[in-house]
Amino acid sequence: MKRVGAPVGATIVHQYYPGFIDLPAPSPYLIASDDVSGLVRVMGHVRPLIITDFDNELVRRRLGPIEFQIDLRKAISKVGCESISSELKGNEGRSGLALAIEKDIAGRVFYNDLFTSLQFHWEVSNVENAAELLPYRLLLKKFIGTYRFVNPDTRVAVSADILAPNPIRVGAYMYSQSELHMTYQERLLRTKPRALRVSTASYGRAARALQDHDGDTDLLQARGQTVAGYLANGFGLSENLMEIERLADVALSEGRTRSAVVEAMSVFEAGLIAARNREPGMPKKANPRNENWQFLMDSVLPKLLDLYQGDKAQWIREGNGVLEIRHCIVHRNHIPSKEEAARVLAFIRHMFSILEVPDDFKGNWRRRSPA
């Protein structure tokens, strides 16, 4: 990102990044590229205590007509005497108390998590620009991407939701007249926040507490009865359907729609070929390498659906629409919307439900009787 105008100071963002970034601390890393320039500091590694208290909650206590205090329903006390604990040793040699669980059914769970404390610094040419956080996201992406390339360390996730539920804190540093005469690198290395305020947070897991029953009481009871009937009669989800459910999480919860759609179509391709190979008399090419997507959708899928009781025409049309989304992603670098990803996943889920779920658990699309 090219700097516009003379700098007046720098914006500084602090972030606790999940995982152990295996670099010296403290240590600075200057970043210079066409789209962004700045500094990332590895400040240190922290192991905060995480408490899961099943019998507690956040509450608002009224102090006055318009005044409230955020509090806990119950104070957090020390670990109870009736508890179990584990002391573990990590792959790198560190050992210590890792977990404590109180024995009661609502007993709390205590453990230490792991984060790397990072600061991001970049210059601004006016005070108004100090609130713009696009450089932070670019610096973070470059820093984590470069670290993972140089050191393929899966302890550090390239995460889509690193803020959940950890906020970023933002501050500013204004240059003195003497600092303005220094080089860019000298100036940036001198910057440090005088104060940091909470700026951006992702609700992430914290918002899950607002989830509730979906639908009225009758629908809830019917859902429970259906699940009970399936489980009591031996239902088990196929590996392909389980994978599609996982990819739905990737697309719709994590927002990684492109990865989810491409992977889901690969799972569907393998599953379609496997279903074809289980049935005699199905279309095949002499050379399997010539069995492209169009052949699978135009020749193989219709023949497979002919084995079941259902209207295949609408699903063949839907399959061609889904295939077009896949082609746009692969050949035109298209980033699918969540709606497009949901459409692809719903189609594949329905096809696997036809091809892999036993008839006892189908409302329709049952297997036709042999002629």
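Residues numbered from 1 in each chain as written. Predicted model: local features only at pLDDT ≥ 70, side-chain atom pairs only at ≥ 80, totals over all residues. Heavy atoms only, no water.

A. Just the overall build of the chain, in detail. When helices and strands are counted, the chain shows nine helices and twelve strands. A compact globule built from 371 residues would reach a C-alpha radius of gyration of about 21 Å, whereas the chain, at 28 Å, exceeds it by more than 25%. Counting across all 371 residues of the chain, residues that qualify as buried make up 33%. For the chain, long-range pairs separated by at least 24 residues make up 67% of all intrachain contacts whose partners lie at least 6 apart in sequence. Taken as a whole, the chain presents about 23,000 Å² of accessible surface, with 53% of it coming from carbon and sulfur. For the chain, the distance from the average site of its 48 positive side-chain charges to the average site of its 44 negative ones is 4 Å. (Helix = DSSP H or I, 4+ residues; strand = E, 2+ residues; numbered from the N terminus. Rg over C-alpha atoms; globule rule 2.2 N^0.38 Å. Buried < 20%, exposed > 50% of the residue type's maximum accessible area, 1.4 Å probe, protein only. Contact = heavy atoms within 4.5 Å. Areas by Shrake-Rupley, 256 points an atom, 1.4 Å probe, with all protein chains shown as cover. Lys, Arg positive; Asp, Glu negative; His and termini not counted. Charge placed at Lys NZ, Arg CZ, Asp CG, Glu CD.)

B. Geometry of helix α9 (residues 338-356). For α9, built from 19 residues, the straight-helix expectation of 27 Å at 1.5 Å per residue is met to within 8% by its first-to-last C-alpha distance of 26 Å. Buried within α9 are the following residues: Ala-341, Val-344, Leu-345, Phe-347, Ile-348, Met-351, Phe-352, Ile-354 and Leu-355. Against the buried residues of α9 lie α5 (239-253), α6 (257-278), α7 (293-305) and α8 (312-332). (Expected span 1.5 Å × (residues − 1).)

C. Quick peek at the nonpolar core. Of all hydrophobic cores here, the largest spans 42 residues; its most connected members are Phe-268, Phe-347 and Ile-348. For this core, the secondary-structure elements that each account for two or more residues are α5, α6, α7, α8 and α9. It is α9 that contributes the most residues to this core, nine residues altogether. In terms of nonpolar packing, the next biggest core, distinct from the first, is built from 21 residues, Tyr-17, Val-36, Tyr-136 and Leu-139 among them. (Core = buried A, V, L, I, M, F, W, Y, C linked by side-chain atoms within 4.5 Å.)

D. Quick peek at the packing of α5 against α6. The contact between α5 and α6 brings their axes to 8 Å, and the two run at 170 degrees. One finds that α5 runs roughly antiparallel with respect to α6. Contacts between α5 and α6 pair Asn-240, Glu-243, Ile-244, Arg-246, Leu-247, Val-250 and Ala-251 from the former with Thr-257, Ala-260, Glu-263, Ala-264, Val-267 and Gly-271 from the latter. Here the residues of the contact of α5 with α6 are counted per class, giving seven nonpolar, three polar and three charged. (Axes fitted to C-alpha atoms, helices over the stretch in contact; angles between N-to-C directions. Parallel < 35°, antiparallel > 145°, perpendicular 65-115°, else oblique. Nonpolar A, V, L, I, M, F, W, Y, C, P; charged D, E, K, R; others polar.)

E. Here's a closer look at the packing of aromatic side chains. This structure, assessed with the given rule, holds ten aromatic pairs. With a centroid separation of 5.9 Å and 50 degrees between ring planes, the pair formed by Tyr-29 and Phe-143 is classed as tilted. Of this pair, Tyr-29 sits in strand β2 (residues 27-32) while Phe-143 is found in helix α1 (residues 134-150), placing the two residues 114 residues apart along the sequence. Residue Tyr-29 is classed as partly exposed on the basis of its relative accessible area of 26%. (Phe/Tyr/Trp six-rings, centres within 6.5 Å; stacked < 30°, edge-to-face > 60°.)

F. Focus on the environment of Phe-120. The residue Phe-120 is located in strand β10 (residues 115-124) in this model. Between the C-alpha atoms of Phe-120 and Val-250, which are 130 residues apart in sequence, the distance is 28 Å. What Phe-120 contacts, discounting residues up to four positions off in sequence, is Thr-11, Ile-12, Val-13, Gln-15, Leu-39, Val-40, Tyr-136, Leu-139 and Leu-140.

G. Here's a closer look at a nonpolar patch on the surface. The grouping of Leu-58, Ile-70, Leu-72 and Ile-76 at the surface amounts to a nonpolar patch, some 390 Å² of accessible area in total. Secondary-structure assignment places Leu-72 in strand β6 (residues 68-72). (Patch = residues over 30% accessible without salt bridge, like charges linked within 9 Å, V, L, I, M, F, W, Y side chains within 5 Å. Salt bridge = Lys/Arg side-chain N within 4 Å of Asp/Glu carboxyl O.)

H. Examining the sheet that holds strand β9 (residues 109-112) more closely. Taking strand neighbours across the sheet as the criterion, the four strands line up as β4-β9-β8-β7 in an open arrangement whose pairing is antiparallel. Either end of the sheet is taken by a strand with one partner, and the two such strands are β4 (49-52) and β7 (83-89). Going from strand to strand, the sheet's axes swing by 20 degrees on average, the running direction of each strand aside. (Pairing = 2+ DSSP bridges.)

I. Quick peek at the side chain of His-14. When you line up the elements, His-14 lands in strand β1 (residues 9-18). Among the polar contacts listed, one links the side chain of His-14 to the side chain of Ser-117, at a separation of 2.7 Å. Beyond its immediate chain neighbours, meaning those up to four positions away, His-14 contacts Ser-117, Leu-118, Gln-119, Pro-167, Ile-168, Arg-169 and Leu-196. (Polar contact = N/O pair within 3.5 Å; in protein donor to acceptor, adjacent residues only side chain to side chain.)

J. Structural view of the pairing of β2. Of the strand pairs in this sheet, β2 and strand β3 (residues 37-46) are connected by six bridges, and their pairing is antiparallel. In the strand pairing of β3, Ser-27 is matched with Val-42. Where β2 hands over to β3, the hairpin turn is made up of four residues, counted between the paired strands.

K. Seen up close, the packing of α7 against α9. For the pair α7 and α9, interaxial distance at closest approach is 10 Å and the crossing angle is 45 degrees. Classified by the angle between their axes, α7 and α9 sit oblique to one another. Taken together, the residues of α9 that come into contact with α7 (itself represented by Met-297, Leu-301, Leu-304 and Leu-305) are Phe-347, Met-351, Ile-354 and Leu-355.

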